[in-house]
Amino acid sequence: MVAVSLSRALLVAGAFARLGLAQTEPTILAEDGSVLTANESTVAPAAEPEVVEDVGEVLLLTDAVLANLTAHDLSDIDLFTFDEEVAGTSAKRSLGRGFKVGDCKVFPGDRAWPSRLSWTVFDLLTGGALIETVPIGAVCYPNSGVYNAAKCQNVLANWAQSSLHASDPTSVMSPLYQGETCMPQNGQSGTCEMGSFPSYSVKIRNVYQVQLAVNFARNQNLRLVVHNTGHDFLGKSTGAGALSIWTHNLKDIQHIKSFRSASYNGPALRLGAGVQVGELYAAANKLGVTAVGGECAGVGVAGGYLAGGGHSPLSGKYGLGSDQVLSIDVVLPNGRFVTASESKNTDLFWALRGGGGGTFGVVTSITVKAHPKQKFAGFSWSLAAGPESENSIAVFWQAMYAYWRKFPQYAAKGVYGYSTIFPLFTAAGGYSWTFHPFMMPDMTLAQFKAEIKPLLDEWTAMGLVFTPNYFEKNSLHEVWTQYFPAESVANSNLRTASRLFPASVWNNPTNRDALFDEVRAIVEEGSALIQYNMNPRQTPGTPNSAANSHWRDSVWFAIMGSGWAPGTAGAELAAVNNKITHNWMARLRAWGPGAYGNEGDVMEPNFGQAFFGTNYQRLLNIKREVDPNDLFWAPTAVGAERWTIQGQPSYLTTQVGKLCKISN
Ligand SMILES: Cc1cc2nc3c(=O)[nH]c(=O)nc-3n(C[C@H](O)[C@H](O)[C@H](O)COP(=O)(O)OP(=O)(O)OC[C@H]3O[C@@H](n4cnc5c(N)ncnc54)[C@H](O)[C@@H]3O)c2cc1C
Ligand SMILES: *[C@@H]1O[C@H](CO)[C@@H](O)[C@H](O)[C@H]1NC(C)=O
Ligand SMILES: *[C@@H]1O[C@H](CO)[C@@H](O)[C@H](O)[C@H]1NC(C)=O
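Everything numeric in this text was worked out from a predicted model, so none of it was measured.

Reading the values: the criteria
Residues numbered from 1 in each chain as written. Chains lettered and ligands numbered in written order. Predicted model: local features only at pLDDT ≥ 70, side-chain atom pairs only at ≥ 80, totals over all residues. Heavy atoms only, no water. Axes fitted to C-alpha atoms, helices over the stretch in contact; angles between N-to-C directions. Helix = DSSP H or I, 4+ residues; strand = E, 2+ residues; numbered from the N terminus. Parallel < 35°, antiparallel > 145°, perpendicular 65-115°, else oblique. Left-handed = near helix turned anticlockwise from the far one by under 90°. Contact = heavy atoms within 4.5 Å. Pairing = 2+ DSSP bridges. Phe/Tyr/Trp six-rings, centres within 6.5 Å; stacked < 30°, edge-to-face > 60°. Buried < 20%, exposed > 50% of the residue type's maximum accessible area, 1.4 Å probe, protein only. Lys NZ or Arg CZ within 6 Å of the ring centre and 35° of its normal. UniProt positions renumbered as here; feature names shortened; annotations may be inferred. Salt bridge = Lys/Arg side-chain N within 4 Å of Asp/Glu carboxyl O. Nonpolar A, V, L, I, M, F, W, Y, C, P; charged D, E, K, R; others polar. Arc of directions from axis to C-beta. Expected span 1.5 Å × (residues − 1). Bend = angle between axes of the 7 residues up to and from the residue. Near = heavy atom within 4 Å. Polar contact = N/O pair within 3.5 Å; in protein donor to acceptor, adjacent residues only side chain to side chain. Areas by Shrake-Rupley, 256 points an atom, 1.4 Å probe, with all protein chains shown as cover.

J.: What's the story with the packing of helix 12 (residues 393-405) against helix 14 (residues 445-462) in this structure? I'm lost.
T.: When two helices pack together, their arrangement is given by the angle between the helix axes and the distance between those axes. It is at 10 Å that the axes of helix 12 and helix 14 come closest, and there the two elements cross at 165 degrees. Compared by their axis directions, helix 12 and helix 14 come out roughly antiparallel. Between helix 12 and helix 14 lies a crossing whose hand is right-handed. Along the contact surface, helix 12 presents Val395, Gln398, Ala399, Ala402 and Tyr403, while helix 14 presents Leu455, Glu458, Trp459 and Met462.

This is the structure in structure tokens:
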């Protein structure tokens with residue numbers, strides 16, 4: 001440790017005060033006591049390598065690093081200290097004052113907003129990882145200062161591709177919650193506004209950068225968001241005036257030949273927080289194993305997906321994505337880096353598996369089970385129904401009911417039946433029905449065909465015209481690359497909601513058919529239907545977790561929703577939005593009280609019960625303990641009901657205003 005004379009430091013600060021100068025450039029004391037400008041050649045990133053049990057060497061922000069920089073009197077270094085009160089290591093109080101009802105997180109323009117100098121110091125400590133937000137659409141606005149016709153054309157051409165958004169620090173794939181204030185446009189006028197984009201992001205490559213961001217946001221009472229790919233359907237990975245922790249570049253995938261815990265002994269994969277589904281599947285395929293992930297290539301596996309539970313083509317066999325988790329490395333709200341597993345920080349381990357993203361800390365890596373390769377048989381097809389199609393609407397619904405009736409039976413076989421029903425936007429109208437696909441694990445094609453023969457016979461007898469494209473494949477990777485759809489994202493003016501329907505509904509045919517009638521009516525009223533027939537039951541030997549208890553007996557996961565025409569505003573806009581929450585979902589709640597939080601309605605009343613089921617109270621208790629001042633907040637995250645966004649409409653959260661506390 002370097003000893004620096006305190007009087008010298010006081011002298012320097014005093015000199016500024018005497019001259020009445022606001023210090024604009026940060027300073028640091030050299031070994032000889034001279035005052036230097038703090039810049040990348042005089043301030044090293046605030047990190048030191050440490051060997052962490054079960055993790056290996058990690059670059060960490062430590063007490064020793066902070067003490068050194070304090071001894072060198074680096075400007076504003078006290079803004080980066082750990083929360084000792086919560087860590088329980090000393091009596092030192094955190095700088096963050098805590099929040100009372102009515103208080104808001106500090107917002108750009110507030111007196112308490114960090115000075116330019118503080119941001120400069122922050123950037124230096126992170127090794128130059130701080131990014132000031134430029135909205136992705138800004139290159140399309142002639143008056144934005146960053147207008148660039150070629151870049152704009154690229155943004156416009158790739159807008160529906162998730163990779164465009166995932167590689168941008170702040171772009172989100174549901175622009176609705178961003179406020180749609182800087183949509184890319186072709187040659188029109190208008191002004192690109194920040195809307196709910198965060199003010200700054202930190203491009204994370206190492207754990208110490210996460211720790212600095214967490215400490216800085218907490219000590220300065222800033223709004224904090226965690227942003228990985230931006231897939232979130234509820235606006236959870238954005239927020240006006242926030243500091244955003246951008247985890248997308250944590251791409252390590254490590255093969256662990258033998259992972260041992262009380263409940264598991266076998267191969268595993270350690271995934272950086274930024275690993276995406278396609279990257280995981282490719283790595284697993286190369287290693288000759290199967291990993292559990294979602295259906296779309298771009299979703300962040302170790303980010304929001306596993307945190308929120310995660311359903312998978314393998315869910316019928318292995319349960320939820322979060323059921324595969326063996327160990328989680330996380331930076332807590334107090335700034336400390338810990339590992340949570342079956343034997344360490346067990347409450348946290350329970351909560352992080354299904355308790356939702358952006359709530360308990362920032363996950364930096366996750367270790368998951370690797371399963372053996374397995375075969376699948378199934379089919380995909382697409383058909384149309386309507387006055388101008390090969391199938392009549394009547395036959396279409398008859399066929400749908402016949403299919404729905406078999407859901408519990410197929411779920412028992414480990415099925416993954418993924419299909420979508422969309423209205424046909426033709427003058428005559430009608431529907432499209434596409435399977436992406438319908439498949440069962442561990443079956444030959446002959447076995448699969450025998451399993452579904454009764455349904456196909458019924459369909460044929462009804463006169464349904466359909467052409468199955470059958471397959472039998474030796475690995476998930478082969479099916480997934482050939483039979484799953486490419487994701488298309490970033491539609492504007494689109495809102496979704498969902499329900500989980502338990503198998504018990506099927507016990508009473510009258511009640512069951514009443515549910516079918518209701519779903520049919522809602523589709524007839526204009527909703528899309530994205531449906532999954534599967535049962536992610538908890539498999540024997542999997543430790544109990546916070547994943548939504550409603551998943552466990554569900555056999556039908558239905559996503560519904562609707563869009564509206566550009567320019568819809570006022571009462572009309574309120575009405576479309578209210579219809580989704582207070583009419584469509586309300587009508588289905590009697591059969592499906594639960595819903596999937598990762599693909600749910602951001603306005604779901606009583607979201608704690610719907611998205612977390614019987615786990616909600618325990619999750620609230622853990623949230624209080626780990627994050628007593630709600631450093632982490634996201635709409636519908638555990639504890640979210642204690643805060644609100646100022647100025648948002650009653651029918652939709654937008655994330656555009658200040659985040660303020662409304663209750664304890
Ligand atoms: C096209 C598409 C397909 C999808 N397919 C599936 C599917 O097959 N199965 C399924 O279960 N879901 C699916 N989803 C939903 C998906 O699981 C969620 O959108 C999920 O939240 C995405 O996580 P992300 O990290 O990629 O996204 P982000 O929007 O970046 O983050 C989502 C949430 O997780 C938090 N978060 C992200 N990283 C971290 C971290 N390291 N630590 C703490 N919090 C973090 C964020 O703060 C935010 O609250 C799909 C979504 C889309 C748009
Ligand atoms: C950083 O500050 C030092 C000391 O004041 C100065 O000599 C050097 O030129 C600066 N370097 C840069 C890159 O600005
Ligand atoms: C202490 O901080 C100074 C200034 O950033 C740096 O040059 C030095 O390497 C640090 N020493 C230790 C032991 O971390």
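Next, the rest of the story.
J.: Teacher, can you tell me more about the side chain of Thr364 here?
T.: By the element assignment, Thr364 lies in strand 14 (residues 362-369). Every residue in contact with Thr364, bar those within four places of it in the chain, is listed here: Val207, Val210, Leu250, Leu271, Gly272, Ala273, Asp329, Val330, Val331 and Phe337.

J.: Would you mind going over the sheet that holds strand 22 (residues 554-563) with me for this structure?
T.: To summarise the sheet geometry, strands pair through backbone hydrogen bonds and adopt either a parallel or an antiparallel arrangement. An order of 19-16-18-17-21-22-20 is seen for the 7 strands of this open sheet, with the pairing classed as antiparallel. Strand pairing shows two members of the sheet lacking a second neighbour, strand 19 (469-473) and strand 20 (494-502), which therefore form its edges. Going across the sheet, the axis of each strand differs from the next one's by a mean of 10 degrees, ignoring polarity. Bridge count between strand 16 (residues 376-385) and strand 19: 5 bridges; the pairing is antiparallel. Directly across from Phe376, in strand 19, lies its bridge partner Lys473. Helix-sheet contacts for helix 14 involve strand 16, strand 18 (431-441) and strand 19, and the interaxial angle to strand 18 is about 145 degrees. Across the face of the sheet, helix 15 (residues 476-483) comes into contact with strand 16, strand 18 and strand 19 while running at roughly 155 degrees to strand 19.

J.: Looking at this structure, how should I read the packing of aromatic side chains?
T.: The description of an aromatic ring pair uses the distance of the two centres, along with the angle that the planes make with each other. Tallying each qualifying case throughout the model produces 55 aromatic pairs. Ring geometry for Trp404 and Phe516: centres 5.1 Å apart, planes at 50 degrees, overall tilted. Remark: Phe516 occurs in helix 16 (residues 509-524) and Trp404 occurs in helix 12; sequence separation between them is 112 residues. A single burial state applies to Trp404 and to Phe516, both of which are buried. On the basis of an interplanar angle of 40 degrees and a centroid distance of 5.4 Å, the ring pair of Trp433 and Phe435 is categorised as tilted. Above the face of the Phe82 ring, Arg336 is positioned so that its terminal group lies 3.7 Å from the ring centre.

J.: Quick question: what am I supposed to make of the UniProt feature "domain: FAD-binding PCMH-type" (unreviewed entry) in the protein chain here?
T.: Summarizing the sequence annotation, UniProt attributes the feature "domain: FAD-binding PCMH-type" (unreviewed entry) to residues 194-373 in the numbering used throughout. As a span, residues 194-373 carries 23% helix and 30% strand, and end to end its C-alpha atoms are 46 Å apart.

J.: So what exactly am I meant to see when it comes to the pattern of salt bridges here?
T.: Where charged atoms of side chains with opposite charge meet at close range, the side chains can pair. Applying the stated rule across the entire model yields 25 salt bridges. We note a salt bridge from Lys251 to Glu279, for which the minimum N-O separation is 3.0 Å. With a gap of 28 residues between them, Lys251 in the loop between strand 8 (242-246) and strand 9 (253-260) and Glu279 in helix 8 (residues 277-287) connect regions that are remote in the sequence. Residue classification places Lys251 among the partly exposed positions, given a relative accessible area of 29%. What makes Glu279 partly exposed here is its relative accessible area of 32%. Across the salt bridge formed by Glu524 and Arg520, the nearest N and O atoms sit 2.8 Å from each other. With Glu524 and Arg520 both in helix 16, this residue pair falls 4 residues apart, about one helical turn. The partly exposed category is assigned to Glu524, whose relative accessible area is 43%. Linked through salt bridges whose partners overlap, the residues forming this network are Glu53, Asp54 and Lys344.

J.: What is the right way to read the environment of Phe379 from this model?
T.: Locating Phe379 in the fold gives a position in strand 16. In this structure, the C-alpha to C-alpha distance between Phe379 and Phe407, residues 28 residues apart in sequence, is 16 Å. Every residue in contact with Phe379, bar those within four places of it in the chain, is listed here: Phe435, Pro437, Phe438, Phe448, Ile452, Trp459, Pro468, Asn469, Tyr470 and Phe471.

J.: Sorry, what's going on with the environment of Val214 here?
T.: With respect to the helices and strands, the residue Val214 is situated in helix 7 (residues 207-219). With near-sequence residues (within four places) excluded, Val214 lies in contact with Leu224, Ile245, Val331, Leu332, Pro333, Gly335, Val362, Leu631 and Phe632.

J.: Looking at this structure, how should I read the packing of helix 16 against helix 17 (residues 570-588)?
T.: Taken N-terminus to C-terminus, the directions of helix 16 and helix 17 make an angle of 160 degrees; their axes are 9 Å apart at the nearest point. In terms of orientation, helix 16 and helix 17 fall into the roughly antiparallel class. Handedness of the helix 16/helix 17 crossing: left-handed. Taken together, the residues of helix 17 that come into contact with helix 16 (itself represented by Leu515, Glu518, Val519, Ala521 and Ile522) are Trp584, Arg587 and Leu588. Looking at side-chain class alone, the contact of helix 16 with helix 17 contains 6 nonpolar, no polar and 2 charged residues.

J.: Can you help me understand helix 2 (residues 63-71) in this one?
T.: At 3.6 residues per turn, the α-helix brings residues three or four places apart onto the same side. Considered for burial, the residues of helix 2 that qualify are Val65, Leu66 and Leu69. The arc that holds every buried residue of helix 2, seen down its axis, measures 95 degrees, which confines them to one face. Those residues of helix 2 that are buried lie in contact with strand 1 (27-29), strand 3 (48-52) and helix 4 (116-125). Count one or two residues on from helix 2 and you reach Asp73, which has phi positive near 55 degrees.

J.: Sorry, what's going on with helix 14 here?
T.: Here helix 14 is 18 residues long and its end C-alpha atoms lie 24 Å apart, about the 26 Å a rise of 1.5 Å per residue gives. Helix geometry: helix 14 is bent most strongly at Ile452, by close to 55 degrees, with proline Pro454 lying one to four residues after it. Inspection of helix 14 places Leu445, Phe448, Glu451, Ile452, Leu455, Leu456, Trp459 and Met462 among the buried residues, and these make up the whole buried set. Turning to helix 14, the residues buried within the fold contact strand 16, helix 12, helix 13 (407-411), strand 18 and strand 19. Just beyond helix 14, the residue with positive phi is Gly463, at close to 90 degrees.

J.: Would you mind going over the site of ligand 1 with me for this structure?
T.: With respect to spatial proximity, 31 residues lie near ligand 1, and among them Val226, Asn228, Thr229, Ser237 and Tyr596 are the closest. Asn228 places a polar main-chain atom, nitrogen or oxygen, 2.8 Å from an oxygen atom of ligand 1. A distance of 2.8 Å separates an oxygen atom of ligand 1 from a polar atom in the backbone of Gly304. Taken by itself ligand 1 offers 950 Å² of open surface, and the protein chains cover 97% of this. Of all the secondary-structure elements, those providing two or more residues to the shell around ligand 1 are strand 7 (223-227), helix 9 (301-307) and strand 14. Per-element accounting of the shell around ligand 1 gives the leading share, 3 residues, to helix 9.

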